[in-house]
Amino acid sequence: MSKNKEKSLKRLAILKNDNGNRSVEVFSTMPGIMIYTGDYLSGLHPPFSGICLEAHYYPDTPNRPHFPQDVYAEGDIWSETIMYRI
């Protein structure tokens, strides 16, 4: 059985460089986004020299009934979409 209903892509984030001629957009059927800033990069990549945008459900979802739920039982079909536009 699938818990997913028809979901539409939503733009979760857009990053642009300073002069606006480069950008990346993140679209997903998931409700939120996690941002990693590379705090602990090392060696050839010093701290904060990278960034990662990853679509997610909200933290603490099982304890927040008003959050979109992401708890699935055995046999459930789970499907989400993430799209990056560069």
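Going by the structure above, here's the rest.
Residues numbered from 1 in each chain as written. Predicted model: local features only at pLDDT ≥ 70, side-chain atom pairs only at ≥ 80, totals over all residues. Heavy atoms only, no water.

Caption draft 1: Structural view of the side chain of E25. Within the element layout of this structure, E25 appears in strand β2 (residues 23–28). Within the structure, the side chain of E25 is placed 2.9 Å from the side chain of R11, a separation counted as a polar contact. (Helix = DSSP H or I, 4+ residues; strand = E, 2+ residues; numbered from the N terminus. Polar contact = N/O pair within 3.5 Å; in protein donor to acceptor, adjacent residues only side chain to side chain.)

Caption draft 2: Quick look at the environment of T61. As for its position among the elements, T61 is in the loop between β4 (52–56) and β5 (82–85). Of the residues examined, T61 reaches a relative accessible area of 1% and is grouped as buried. When the C-alpha atoms of T61 and S49 are compared, they prove to be 31 Å apart, with 12 residues separating the residues in sequence. Setting aside residues up to four positions removed in sequence, T61 forms contacts with F67, P68, Q69 and D70. Side-chain polar atoms of T61 contact the backbone oxygen of Y58, separated by 2.5 Å. (Buried < 20%, exposed > 50% of the residue type's maximum accessible area, 1.4 Å probe, protein only. Contact = heavy atoms within 4.5 Å.)

Caption draft 3: A look at the sheet that holds β2. What the 3 strands build is an open sheet, ordered β1-β2-β5; its pairing is antiparallel. The open sheet has two edge strands with one neighbour each: β1 (10–16) and β5. Looking at each pair of strands side by side, their axes are set apart by 15 degrees on average, direction ignored. Sheet analysis places β2 next to β5, joined by 4 bridges and oriented antiparallel. Looking at β5, one finds that E25 is bridged to R85. (Pairing = 2+ DSSP bridges. Axes fitted to C-alpha atoms, helices over the stretch in contact; angles between N-to-C directions.)

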